[in-house]
Each structure stands twice: as structure tokens, then as C-alpha cells.
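# Chains, contacts and geometry: an overview
Okay, here's what each chain looks like letter by letter:
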Amino acid sequence: MKLHWQIFLSLVSGVIFGILLPGITPSVSWIGDMFINALSMLIVPLMFFSIANSICGIQGSSFSLKRLWTKTFAYYVLTMLIAITTGLLLVNIIKPGNSVQLELAGSIPENLGQTSLKDIVVGFVPKNIFYAFTQNSTIPVIFISFLVGLSIPKISSEGKSALTVFIKGGQEVMFIITKWIIRFSPLGIFAIVAKQVSAAGDVVALLRVILFYFLTVTIGLAVHTFIWLPLILRFGYGVKPWRHFKNMSTPLLTAFTTSSSGATMPLTMYAVEHKDGISSKITHFTIPLGTAINMDGTALLECVAVIFIAQAYGIDLSVAQQALVVFTSLLCAIGAASIPMSALVMMALILNVVGLPLEGIGLVIGVDRLLDMMRTAVNVYGDTCVAVMVAKSEGEKLPVDV
């Protein structure tokens, strides 16, 4: 049985168990605690190795490749920021988590919602590197990872070779460990959901809140796909957006049904090159790169999910903390493609950054399969739009031009 069906069955079982046998829930809650601990264990090494390896790769590129890479990367970051901002606005307007209040396993820190922008900026530089790693202090680990990635290409060839192999090997090891932990996710999710349902009291209200979350994400994905990206193509680059969308129908439908940007990539490249008329050089650079780092739909979902979880637990995030959620969602989305079951791991990373309970993942994981299909299609569409943007910025004439 595929993993997403196992997770779905564990979700349903957890709901039933939490309703019918609430008194026995503490006897299985330790499974969920172990699963949350395992996810927390992954956060620092996975972030360190992934960011450091990515920065090393950029530093080692040739000048011409750097120029095209920088332009493409900037466009991808722009579209992801637009997607995240859309999700941020919608979740604060709709407030899907406000109609239910879940209890935290522990007490809420007094300063959780009062972190200022100054505190966040100062927090990027740790007093002690080893303390940052041992305490799961995600923000300074991001800073350290950037410094390491920028420094490795500038040292002697012997040291550079050894450290590059170490960083790449560390990343591969963490991916393998992540896959092992994800295999046990159905058991962990069952225990988390059973605990939350038994503590919620009003199960109907809880399910209604999850439906509001689902609708919030869906509206955000639709706004990004059918409003913002078409406006950018039409008025920024003189392209007929609906003709471009029609040309991309095959890869978009494939992405929706398979939930895989990688599996869809050959169809995406064919459609971009042969239907939109983009040169082979730009197509073969932008689309594979986009498959690896561009996650418009995923970034939007993660931002909405984290703030929704905060609302459900009655935690008010400050403007500075919500800005931190945006920044971290962007960073995580860039590295999401290579992480197994990326939505779960990314969510754990972002929740850890702003100090929210990791067990909140159980609130949203049940509808993730349906949202995964939609967000993958949005991810692929974002890749194709950036390919058009890069081609037009390079002076290419396209059949989809106005």
C-alpha cells in the first residue's frame, strides 16, 4: 500500500480511536512523541548540509552559468514570495484556526508571540556555534550554513575537495535517515491525531476548522495561478497568459494526477520548447532547475499551515514572527524537492523556527494528499512561467507573444 494511503488510514483510525476510546489515548501517545522527536532530530543536520551544499554549488559555477543561474533563481524567488505573501494575507483574513482551541502539552512561553525584528536579526549570529546545533536553534544554523557554503570554495583544493565530499555525503546520509523515519509516519500520525481528537472535545468543530484550512490553501493556489502569474506574463513580458496556460495543459494535468514535478519534467520541457517556442538552451536550464528549487504551491501551503496551527493553539504570532515564517518557508521550499515527503519535514522545520508545537502537523496532514496534487500542478506552472520570463529577458520572440 502506498504511503499516502497508509497515512490516510492512520488519520481515520486516529479520529475513531480518539472519539471512542479517549481514556486509552495516553497509552499510545508516546508513539506520537517518539515520531515528533525523530522529526526534531532531523532539523539541524538536514538544514545545515542542504544549505551548505547548495551554496557550494553556486560558488563553483562558471561566470556565464552564474549569470543565467542568478537571473533564473531571482525569478523563482520572486514568484515564490508572491505565493507566500498571498497565503499569508489569506490565512490572516480568513483565520481558519480561530474557531477551535487546542491545548498544548506544555505551557506557552510568555514571549512566544512577542519576538521583535531586532531579536530575530540578532539571533542569526550565535554566541556559541556548538550551542546553536545542540539546542536546535534553527536561525543561527541557517547563518552558519551560509558561511560554511561561501567559505569552502575559497580554501585550498585539498581542503575544498574533502569538505565538499563531507557536505554532500552528510546530505545523502540525512536523506536516508529521513526515509527511514518517514516509513513509520503512519504510526506517529495515528498517535498524534488520536491525542488531539481526544483532547479537542468538539470533533465536528475540529473537522470544520480543517475544512476551512483546506479551502484557504485552495483559494491561495487559485489566486496565484489564475491572477498573479498571468498578470506578470501579460503586463511584465507581453505574453498571452491563457494561450501559455493552454499550451501547458498536458504537463499540468500530469502533475496533478502524479503529484510529482520530477516525473512531469520531460512533458514540461517538451511543452515549453515545442509549444511556447522557447530555446533549447533556456528550456534545458530553467525547467530542471525549477523542478529542484521552485515550489510556489508548496511555499504557499507551508506558510498557511504554520500560521493555521498557531491559530488553532491560540498563539498570536507577531508581525516579525510571521515575516520569519515567510523567510523560512522560502528557504525550505527551495530545498524541498530533494527531501522525502517534503511537506512533513519542511513543516517541522518552520514550526521549530517560530517555537510552535510539532504535534500540530497532525491537524493538516490528513488533507495533504489532495493539496499535494494541487500544489504540484502550481509548482510546475510556476516553472513554465519563469521559463517564459527568462526567455523574454534574453530577447527571444515567442509564439505566445501578444
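What counts and what doesn't
- Residue positions are counted from 1 within each chain, in the order its sequence is given.
- In view of the model being predicted, local features appear only for residues whose pLDDT reaches at least 70, and side-chain atom pairs are presented and counted only at 80 or more, with totals across whole chains, interfaces and linings using the full set of residues.
- Remark: hydrogens and water are excluded; side-chain values derive from all non-hydrogen atoms of the structure.
- Only DSSP runs of H or I reaching four residues or more are called helices, and only runs of E reaching two or more are called strands; each is numbered from the N terminus.
- Multiplying 1.5 Å by the residue count of a helix minus one yields the expected span of that helix.
- Only protein chains enter the calculation, and the probe is 1.4 Å; a residue is then buried if its accessible area is under 20% of its type maximum, exposed if over 50%, and partly exposed in between.
- Definition used in this section: a nonpolar core is a set of buried Ala, Val, Leu, Ile, Met, Phe, Trp, Tyr and Cys residues joined via side-chain atoms within 4.5 Å.
- Here a residue-residue contact requires only that any non-hydrogen atoms of the pair lie within 4.5 Å.
- With axes taken as lines fitted to C-alpha atoms, and helix axes fitted only over the stretch in contact, angles between N-to-C directions fall between 0 and 180 degrees.
- The crossing is said to be left-handed when, going from far helix to near helix, the turn is anticlockwise and less than a right angle, and right-handed when the turn is clockwise.
- Charged means Asp, Glu, Lys or Arg here, nonpolar means Ala, Val, Leu, Ile, Met, Phe, Trp, Tyr, Cys or Pro, and polar covers whatever is left, Gly included.
- Each patch is built from residues that are more than 30% exposed by relative accessible area and take part in no salt bridge. Like charges join if they lie within 9 Å; nonpolar side chains (Val, Leu, Ile, Met, Phe, Trp, Tyr) join within 5 Å.
- Per-residue and other accessible areas follow the Shrake-Rupley method at a 1.4 Å probe size, with only the shown protein chains counted as cover for residues.
- Salt bridges are defined as contacts in which a side-chain nitrogen from Lys or Arg sits within 4 Å of a carboxyl oxygen from Asp or Glu.

One turn of an α-helix holds 3.6 residues; hence residues three or four places apart share an orientation. The first and last C-alpha atoms of helix H7 (residues 157-183) sit 39 Å apart over 27 residues, in line with the 39 Å expected at 1.5 Å per residue. Those residues of H7 that sit buried are Ile167, Gly170, Gln171, Met174, Phe175, Thr178, Ile181 and Ile182.

Turning our attention to the nonpolar core. Counting 121 residues, the largest nonpolar core has Tyr213 and Met347 as the members making the most contacts within it. A total of 15 residues in this core trace back to one element, the largest contributor, which is helix H2 (residues 26-59). Tyr213 has contacts with Pro96, Leu301, Val304, Ala305, Phe308, Val364, Val367 and Leu371, leaving out every residue within four places of it along the chain.

Direction vectors running N to C along helix H12 (residues 261-274) and helix H18 (residues 368-393) enclose 35°, while the axes themselves pass 11 Å from each other. Here the hand of the crossing between H12 and H18 comes out right-handed. Together, Ser261, Thr268 and Val272 of H12 and Thr376, Asn379, Val380, Thr384 and Ala387 of H18 make up the contact between the two elements. Its residues assigned to classes, the contact of H12 with H18 comprises three nonpolar, five polar and no charged.

What follows covers a nonpolar patch on the surface. Among the surface-exposed residues, Trp5, Phe8, Leu9, Val12, Ile16, Ile19, Leu20, Leu21 and Ile24 lie close enough to one another that they form a single nonpolar patch of about 830 Å² accessible area. As for its position among the elements, Phe8 is in helix H1 (residues 3-20). When its relative accessible area of 39% is taken as the criterion, Phe8 is described as partly exposed.

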